[in-house]
Structure formats: C-alpha cells, structure tokens
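Overview (structure and organization)
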Amino acid sequence: MMIELKNIEKYYANKGVKSYILRHITTSIKQGEFVSIMGPSGAGKSTLLNILGMLEEPTYGDYEFMGENVLSLNERKRIDLYRSHIGFVFQAYHLIDEMTVAENIEAPLLYKKIGSAERKSRVADILDRFSMVAKRDLFPNQLSGGQQQLVGIARALVAQPSIILADEPTGNLQSVQAIQIMELFKRLNEEEGMTIIQVTHSEINAGYGSRILHLLDGIIKEDVNLK
Amino acid sequence: MFRLNLKIALRNLWKNKAYTLINMGGLAIGLASCMVLLMYVAYEWSFDKQFKNNHKTYVVYNLANASGRIFSWAWTPGDMAPDVEQSIPGVAYASHSSYPEDRLISYGQRNFKKSGVFADPSFLKILDYKFVKGNPDKVLKGVNTIILTETMARNLFGDEDPINKTVKLDNAEVLKVEAIIEDIPKNNSIRFDYLMPWALNVKVNPWMKTNGYEGNFCLTLIQLQDNNYFERANAQIKGIYKQHKKDSNSEAIMHPLSKWHLYSNFENGKSVGGRIDQIKIFFILAFCILLIACVNFMNLSTARSEKRGKEVGVRKTIGSSRKSLIGQFLLESLLLALMGMLVAFVLLEISLPYFDELLDVNLSINYSDWRFWSALTGLTLITGFIAGSYPAFYLSSFEPVKVLKGATIVGNSSLSVRRVLVVFQFVFATCLIICTTVIYQQLSYIKNKPIGYQRAGLIEMPIQGNFKAPEKLNTLKDLLIKSGAVSSVTSFSRGLNEDGNNTFSVEWPGKNLKDETLFNFRFAGLDFVKTIGTDMISGREFLSSSDSSNAIINESAAKIMGLKNPVGTMINSQGTPLNIIGVMRDFVIESPYYRARPMIVYHHMREVNVIIARLNPAMNVSNAIGKIDEIIKTLNPEYPVGRKFVNDGFEQKFQNEKLLRTLSNWFGGFAVFISCLGLLGLALFMAEQRKKEISIRKVLGASTTNILTLLNRDFIRLVVIANLIAFPLAYIIVNKWLSAYEYRINISILPFVIAAVLSLLIAILTVSVQSVKVAKSNPIDALKYE
C-alpha cells in the first residue's frame, strides 16, 4: 500500500469555533493508481492534496506513506522523504522565473545531491522525451502556458518520484493543451506505472484516471473506481 | 549548486536593475564613507609607530607644580638625557634634541627656510630613520655637519651628489653633508627637513653647556632595553629635577612615544586623552554609517519578499532545505556587497586626494599591505552578512503552501522590525543634521565676533638677516611707507597668531601672595596700536625708544591687577621694574574661543622678531604685495621674503572645527541620503503589501489625494518619532561639544527646526515617488489576482 490515511481531520480554531476543512478522511491509495480528487470549491480538495504532499499537517489522524508514519517524522526526514518520492505539479506551474528550462528541471536533482554527469544526462533525457530540447535555454516567460506546464511536469518527473501530486494541472490551460497534458499523465500511469493524484474540477480530466474521490464539505462522499 | 545559485543571483540582480542600483549605491556610499573614516583613524593611529622600537620608547614630560596646579609639557633640561642614560638601569638610549625650528639653509644661490632639528647620536639609535646614503653609526658626531632629507637634498643640490658638499646655515655656519635620509612621513610627531649635531647647537648657544637644570629647552627621548624596566625607570626619573636642583617644583614622567600624538592632553599631571577623543567619534561614525547602509539593504530586500516568496515556496516543494535557501540569499547579499565594494573603491580613489587636502594628511591605499586587503575583505564579508542576514532568515522562513496559494505572507512583525530600522536610520541622520548646524553656527559666531583688532589687510614677516640691525629695520619702514604700499608699520616679538612667551612672575601693588596668574608678555615697536587697528582705553602707546622702561598692559591684566588708575602704576615683571603708560583693548592672540589672557607689552627693539604692516587701502593688494616683496628683496637678498597675511594665520585656528564641520557635513549628507534609500525601500514594501487594500478603497471611491494621505501618514509618523528620539540625544551631544568653549552660542531652537523640517520634507518627497504610483494605479490589476 502506497498511502494510508486514517481518520484525517483538519480544522482551524478561531475564537473557540472550529471550522472544519477535512473530516474523517480514511482511504488508501495503491501503487500505480491514477486518482482524481473532485468536488466543489471549498470542499477541501487542495488541503487534502497538500497533506498528501506533506506540505501541510492534519490536525488529527494518521498518515502512512510507504509504510512510514509521516506525522512522527521531523522536518529533515520529511523533506528527505518527499524529495525522493514525491513530484509536485501546480496549476500556476510555479517555475522559477530566473532559471532557464534546463535549470528549472535540474533544480530538484541539485537538492538531491546528484552528481553533475548524471544530472546532465537525466535532464537531457527528459527534455528529449518531452521534445523540448530546442527550448532548453529559454526562460519560463518565453513559453506558452502548456509548454510551461510541460516543464513543470518534467521537473516533477526528473527526480524519479514514486508519485505525482497535481493540483489542477490544466486549470490555466486551453483545452487543446489540457488534453495533451492529460494524455501525458495517462501514458505515464499506464506505461510506467506512475502513481498520480490530481485535483480537478473537470469530469473529462477525471475520466483519464482510474479512480475518483468525490469530496463535499471535507468528507469523502463517493469513491468511484473507473476500471 | 553554488554555480547555479551564483548565476541565479546575478540574473536576479540584473533583472531588477533599479533595485540593484539603489542597493548597491547605498552600500557603496556606506562602505566608502566607512573606509575613508577608518583610513583616517588608522592614519592617526599609525603616528610614530613606524619606528622599530616605538613600543619601548618614551617621551619625558615635565610636570611643573605652580601653586597647586600642575602644568605638563615635553620640554626638559639639556642635562637630563646624559644623566638618565648613566644613572637609570634598563635605559638603552636617552637622547636630547631641539624642537623643529625654521632656519635659513643655502647652497650657492639656492636659499630655503626649512625646519631643522639638533640632536645627539642616540637620537638616531632611538628613531631608526631610513638612510639613503651615509652610515647611521657615524653621523651627528662632529660639529659642523648635517643630514638632509631626500627632498631637501634635491631642492638644494638638484641631481648632484650632496655627500661631503657643504651648505650654509643662517648665512653663518658651514655644514658638511654627511648623510641623506628618507623624507619624514606626515604621520610623525617630530618632522624636520634636516638634522644637525647637538654640538652645533651648543656652539651657537654656549649658555646651554652650563645651564644644568635651569631651563627646559630640549625634547628628551628614552628607549628602554625592554618594558619590564618601565615601572622602575619611571619611578626613578620622577625625582630627577629635585636631585639636581633642590628648589625645583618639577617632576618628570615617561610618556610612551606611541601615545604621544593621540594622548597629548594632561590634566594635573595625568594623561587625559587628546586627539583620541575625536578619533573615537570618527570610528563610531564609520560603523554607524555602514550600519545604516546595511539596514537599507535589509529594508529593500525584504520589501521584495512578495516576489521572492514564490521562489522560496517552489524551491521548498522541490526539496530545498531552509539552510540552502539561507545560503542562497546570503550569497546574493555578499555579491551585492562585493559590487558595492568595487564602486566604493572607485569613490575612495576619487575622493582621497580631496580628503588629503582637507584634513592635511596623507591617506593613500597601500595595495601591497596585507592588512589593507584583509580589512577590505573583512568589511565586505561583514557588510554582506549583516545586510543579508535578516532578509535571508526572514525569506527562508516562508511556508510553501501559503506562498503558493497566494496568501499574504507578510506578517506584521517583520514590518515593525523594519519600522524600527527606519526610525534608527532617521535618528542618526537627524542627529547629524543638528550637530552640523550647531557647528556651523558656532563657527560663524566665533568668526564674526570682534577679535579686538582689524586683521584684514594686515601682513607680517619675520625679522631676519639684515633686518636684525635696527637701522636697517628703520630704513625698511621708511621705504615701505614711502612706496605707498603700506600705511603703517610696527614690530612685535611674535606673530599675531602665535602663542607662547608667558610668565607667572609679575608683581603689582596689592598683589595677593597666593596669586598665580599666567601673563603673556610681548615686545612691541612704535605705532603698534595704530598699525594693528586697536585702541587704547587709557594712556598712550610707545612713542620713542625712551619708553624702554615703560609698559602697556591689556584690559584683562588691568582687571586682574585690580588697579583703579593703572596708568602711572609701577609693576615688576620678571625682575624688571616697569611703569604702566597705557591700557589697550584685549585682542585675540591665542584661541578665539577663550577670553584673552592678561598681557604685558614692553618696548625693546632688540627683542622684536616680526614686522607687522598694514596695507594701504588706496593701493590694490597685488600691487602693494609686489612692491613690498621688491623692497624686502633688495634690502635682504639672502633670505626668502616669508610674508604672510595675518588673516590666513587666524583661519588656522579654526582648523579643527572646520575639519569637524566638513566631515559632519559630508557624512551627515551621506547618512541622510542612505536613510532616504531605506525609506524608499519601506515605501515600496508598504505599497506592495497594501496594494489590495488601496485597490478596494479606490473601487469604493477614494481619491488619489485620500490614498496619498493614507500612505504618507505612516511615514511621517515614523520620521516624527525619529525626531523626538533624536532631539534630546543631539542636545546632549552638542551641549557637551559646546561646553569646551568659553565663547559659545546658546543652543537655539533653530537647528532642531531645520532638522525636523528637512527630514520630514525629504521623507515625504521620497515616499511620494512611490505612493503616487500606487495611488494612481488601476485597481483591477491588483484585485483580479485573487
């Protein structure tokens, strides 16, 4: 089992009043699944994804990632864990503006302290795979949104994570580009067995996955298996 | 990793050129100011330290007890050095030497009035001057010999080899050149152009031989074998006066040579500082300016946090640790500090000649000195680190989720830290403005204060060579007046701006026996009062040579003597009975900041040394000067004219205050400028932070003026707070500074008003540059981001 959530709760206490964002979330995600989290605005989708990505901590509950209890880890261990296993893709791409395409992709490898030769070959590899070799020295603002998101995905993949967390990856894209990105995710999932969790509003995007979690007011209303 | 960080840092700086320029400019000015001040401090600190054994060398001070008060000066008897060398254990060398004095030195047709010193061979053992030619062990042993500095030798001999050639001293003694030494650097307390044997001094002044411990006319230097002997030697030398002269009221102490320059003030026989106080101020000033430049940097860097925040968030999510982020931000600030240092370097090289002239020092960058480079590196690193520390820790603390979600990341705490920093900057700047204004006021007050005589149009020149004969002097006087260049001529025993020549031994009827008043005494020629443009309060001035047993006293002397009718009273000065024939108005001889000291003026033409002449106002100055020079040249061809304007000499008295004024002016200006950059940073930050609030207000109907008031009010409050803190602080400082002067201005409200208005005005202007932009921006741009 890749991810085990037990009774995850998240709330903000404000003057004694608790406002819940997530309630009693219990689920598990297996290696190789392509899960879409859906729901209306304010349902807690992004918070759930952030908790999965260890960017946020739940107020209460248990979270095991590949058999390890995440919440008991200290910051350094947690960083180590997600550095080696998790790749993030954001709606707003969040590329570093001052870095070129190649440098953006290389950045996570630097933090993993991977040798220069291997870094070079991995970056070259992935640029090749995404057909972006010609754009390697361009800066993010010289690319279209779709291309930027491709770089974002390449950056997530280059560290060879076990799971990709994507927060509305196509939210800022036009439909043609969105389809390309979703096709890419699907291929990654089917051909390479990559575990993917995405947050999305769109039924069509969710259709590319293997499973949908419907969230409403912080509770899992429905867990649909598409296969 | 490092390379990438470096590359990104550079790209970042390049992308935000305006920001980089402001930041770098602030740091550069801060660093350059700091370095100039530090170099000046180092220069003052380096005085007399280039001698190998300076740490075990001492200057003997004479502490003379005059009815309870102890006067201290470094003048000692001629016999002291040999006595010390013989009788005190642990003394390696003791030397006596004269104080530098200008004398005429000539070779063929070349005449120079340059300063020379008489010294014994030990002098060169104690102070190891660098010999260019000649053997240091064999010089100063004869009588008619001389050692020249390189420049002196070049002036006299040109390209000839001076060794074994002869020069003439005061047109009398023929001296053989024994050796050439390197020029004496400016940071030496004892400076001269040539050095002659002590034996020559004794030959010219035979009384020195038998003077014993009667007169104090030498500088005595002592070098110990090592400093362990100091306590004992100092104890032994204490009683040396009484040992040789039973009724002496003097004691001797050893004052370290290395402290001579900076710790030259004595109070009741104890060393109480001196120039060191000023040096300390400059030292503190140096770091304060650097600090406000760093504060600036912090302000500007954190101001851009919104922009950098996203980068921090992304980096953290792709696996960066906080440590590596801190490293990256520090790298950026170090890079800026380095760039600032490069610019500072250029500024420094450009401004050094100016400061050299201003401060009359010789500051230069010694590129081969490792200490210079390590100070430079140290300063850059410290600046980069201090400036970068707060932004680095602050920026790296952002939580990625919040940043990436676009929530406001900026807490209020960081803002208040920055407010405190800006207040600190402005307190410093306001203090400097107030101090500068007060220094200006005090200087102009003293300068415009009547000094008791008309110093404009007054010239003076030394009585030398032919003019020593009274007939020649009379001829000169006649010729000068006949030429129409001057309207009247007189003579005086010292220059009008020179101090010295004073005595305790003045007796008058009804004098209290315990009274120990120090009187100045001078000798004046005829027409003295008329020429210098003062007047008599009662009685008359000297009219003829028959007045040689008469005296004129000044107002202060009359007051101290408490005489009802001073004219006609008999007094006794230094054993000479004198009849007072007049009382003249007080005039400034010594410091214009103090009441004139009581003075007695005798009439004795053998004792006068200076000709004083008033230029004829009917003739234009350069014409008159030309005529005077011509007449003097014909009558006294062997000597340089040596004519000076009394006004110039008077200006010299303000040297210290002028220096302080100029420095506080410059560095105060810099401090204000840098503080404004800091304020601009804060304004940028506030504008960014309040973009949404302002947009909403505008959508709700606020006008541009409303928004401007809203934004500027905050800053005005900060500056007002800074002013309130600065006022008492500045008051204490200027009050302390002024209290050292007897004649001083009352601290008025004016400097404080100037400082307040100036700081507010500058602040509002600076802030408005930014707030106008924000107030005029389209609200939709800010709001649609949500």
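Residues numbered from 1 in each chain as written. Chains lettered and ligands numbered in written order. Predicted model: local features only at pLDDT ≥ 70, side-chain atom pairs only at ≥ 80, totals over all residues.

As annotated in an unreviewed UniProt entry, chain B carries the name FtsX-like permease family protein and comes from Pedobacter frigoris. The UniProt entry for chain B carries this comment under Subcellular location (unreviewed entry): "Cell membrane". (UniProt positions renumbered as here; feature names shortened; annotations may be inferred.)

Things to note about the overall build of chain B
Each helix and strand in chain B was counted, giving 25 helices and 26 strands. Taking the principal axes of its C-alpha atoms as reference, chain B extends roughly 105 × 60 × 55 Å. For chain B, restricting intrachain contacts to residue pairs at least 6 apart in sequence, the fraction spanning at least 24 positions comes to 81%. (Helix = DSSP H or I, 4+ residues; strand = E, 2+ residues; numbered from the N terminus. Contact = placed C-beta atoms within 7 Å.)

Quick word on helix H3 (residues 80-87) of chain B
All names here are of chain B. Among all positions in H3, only Met 80, Ala 81 and Val 84 are buried. Taken end-on, H3 shows its buried residues confined to a sector of 95 degrees, consistent with a single buried face. Facing away from the buried side of H3, by more than 90 degrees, are the exposed residues Gln 86 and Ser 87. Along its buried surface, H3 packs onto strand S1 (57-66), strand S3 (91-97), strand S11 (219-224), helix H8 (230-238) and helix H9 (240-244). (Buried ≥ 20, exposed ≤ 12 C-beta atoms within 10 Å, placed from the backbone. Arc of directions from axis to C-beta.)

Re the interface of chain B and chain A
With 17 residues of chain B at the contact, the number on the chain A side is 18 residues. Counting residues per element, the ones that place at least two in the side of chain B that touches chain A are helix H1 (2-15), helix H11 (305-317) and helix H14 (400-405) of chain B. The element contributing the most residues to the side of chain B that touches chain A is H1 of chain B, with five residues. Its residues assigned to classes, the side of chain B that touches chain A comprises eight nonpolar, five polar and four charged. (Nonpolar A, V, L, I, M, F, W, Y, C, P; charged D, E, K, R; others polar.)

So, the domain arrangement of chain B
Residues and elements named next belong to chain B. Domain annotation of chain B identifies domain 1 (1-46 + 274-409), domain 2 (54-260), domain 3 (423-449 + 654-786) and domain 4 (458-652). For domain 3 versus domain 4, the distance between C-alpha centres works out to 52 Å. Per-class residue counts for the side of domain 3 that touches domain 4 are four nonpolar, one polar and two charged. (Domains from an automatic or database assignment.)

Brief notes about the nonpolar core
All names here are of chain B. Among the nonpolar cores identified, the biggest contains 154 residues, and Ile 289 and Ala 671 are the most heavily contacted of them. When residues of this core are assigned to domains, at least three map to each of domain 1 (1-46 + 274-409) and domain 3 (423-449 + 654-786). Discounting chain neighbours no more than four positions away, the residues touching Ala 671 are Ile 289, Ile 292, Phe 428, Ala 429 and Leu 432. Of all hydrophobic cores here, the second largest spans 54 residues; its members include Leu 458, Phe 467, Leu 480 and Ala 596. (Core = buried A, V, L, I, M, F, W, Y, C linked by C-beta atoms within 7 Å.)

Regarding the confidence of the model for chain B
Residues and elements named next belong to chain B. Model confidence for chain B is summarised by a mean pLDDT of 85, while 97% of its residues fall at 70 or above. At the level of individual helices and strands, chain B shows its lowest average pLDDT in helix H25 (residues 779-783), which scores 64, and its highest in strand S10 (residues 194-197), which scores 94. For this predicted complex, the interface confidence score (ipTM) comes to 0.75, while the overall pTM stands at 0.78. (pLDDT = per-residue confidence, 0-100.)

Some words on the sheet that holds strand S8 (residues 195-199) of chain A
All names here are of chain A. What the six strands build is an open sheet, ordered S6-S7-S8-S3-S9-S10; its pairing is mixed. Every other strand in the sheet has two partners, leaving strand S6 (86-89) and strand S10 (219-225) as the edge strands with one partner each. Across the sheet, the mean angle separating the axes of adjacent strands is 15 degrees when strand polarity is ignored. As paired strands, strand S9 (residues 211-216) and S10 are joined by six bridges and run antiparallel to one another. The residue bridging His 214 from the neighbouring strand is Glu 222, located in S10. (Pairing = 2+ DSSP bridges. Axes fitted to C-alpha atoms, helices over the stretch in contact; angles between N-to-C directions.)

Regarding helix H19 (residues 621-635) of chain B
With 15 residues, H19 of chain B extends 21 Å between its outermost C-alpha atoms, agreeing within 8% with the 21 Å of an ideal straight helix rising 1.5 Å per residue. On its buried side, H19 of chain B packs onto helix H16 (470-483), strand S16 (486-492) and strand S25 (610-615) of chain B. (Expected span 1.5 Å × (residues − 1).)

Describing the pairing of strand S9 (residues 173-181) of chain B
Residues and elements named next belong to chain B. Note that strand S6 (residues 131-133) and S9 share two bridges and pair antiparallel. Opposite Lys 133, over in S9, you have Ile 180 as the bridge partner. Two strands pair when backbone bridges link them, and strand S7 (residues 145-149) and S9 are joined in this way by five bridges, in the parallel orientation. Directly across from Ile 147, in S9, lies its bridge partner Ala 179. Relative to S9, strand S8 (residues 166-169) runs antiparallel, the two sharing four bridges. Directly across from Thr 166, in S9, lies its bridge partner Lys 176. With antiparallel pairing between neighbouring strands as the criterion, S8 and S9 make up a hairpin whose turn holds three residues, including Asp 170 at a positive phi of roughly 50 degrees.

Things to note about the environment of Trp 666 of chain B
By the element assignment, Trp 666 of chain B lies in helix H21 (residues 655-689). A C-alpha to C-alpha distance of 47 Å links Trp 666 of chain B and Asp 515 of chain B, two positions 151 residues apart in sequence.

Comments concerning the sheet that holds strand S4 (residues 60-65) of chain A
Residues and elements named next belong to chain A. As summarised here, the arrangement of the four strands in space is S2-S1-S4-S5, forming an open sheet in which the pairing is antiparallel. Two strands in the sheet have a free side with no partner beyond their single neighbour: strand S2 (17-29) and strand S5 (68-69). Pairing between S4 and S5: two bridges, direction antiparallel. Bridged to Glu 64 within S5 is Asn 69.

Considering the environment of Arg 597 of chain B
Residue and element names in this part refer to chain B. Position of Arg 597 among the secondary structure elements: in the loop between strand S23 (576-584) and strand S24 (599-602). Residue class for Arg 597 comes out partly exposed when judged on the 19 C-beta atoms lying within 10 Å of it. On a C-alpha basis, the gap between Arg 597 and Leu 680 in space is 54 Å, while along the polypeptide they are 83 residues apart. Leave out the neighbours within four places in its chain, and Arg 597 touches Leu 518, Asn 520, Ser 556 and Glu 590.

Focus on the packing of helix H5 (residues 145-158) of chain A against helix H6 (residues 175-192) of chain A
Residues and elements named next belong to chain A. The contact between H5 and H6 brings their axes to 9 Å, and the two run at 20 degrees. In this view, H5 runs roughly parallel relative to H6, as classed from their interaxial angle. Crossing handedness for the pair H5 and H6: right-handed. Judged by residue contacts, Gly 145, Gly 146, Gln 149 and Ile 153 of H5 engage Gln 177, Gln 180, Ile 181 and Leu 184 from H6. Its residues placed into classes, the contact of H5 with H6 shows three nonpolar, five polar and no charged. (Parallel < 35°, antiparallel > 145°, perpendicular 65-115°, else oblique. Left-handed = near helix turned anticlockwise from the far one by under 90°.)

Things to note about the packing of H16 of chain B against H19 of chain B
Residues and elements named next belong to chain B. Viewed as axis vectors pointing N to C, H16 and H19 meet at an angle of 150 degrees, and their least axial separation amounts to 10 Å. As far as their axial angle goes, H19 and H16 are roughly antiparallel. Crossing geometry of H16 relative to H19 is assigned as right-handed. Contacts between H16 and H19 involve Lys 472, Thr 475, Leu 476, Leu 479, Leu 480 and Ser 483 on the former and, on the latter, Lys 627, Ile 628, Ile 631 and Leu 635. Of the residues belonging to the contact of H16 with H19, the class tally is six nonpolar, two polar and two charged.

So, the pairing of strand S4 (residues 101-107) of chain B
All names here are of chain B. Here S4 runs beside strand S5 (residues 110-119); their pairing, made up of seven bridges, is antiparallel. Considered in S5, the bridge of Leu 104 is made with Lys 113. Hairpin connection from S4 to S5: two residues lie between these consecutive antiparallel strands, with Gly 108 at a positive phi of about 60 degrees. Across two bridges, S4 lies against S8 in antiparallel orientation.

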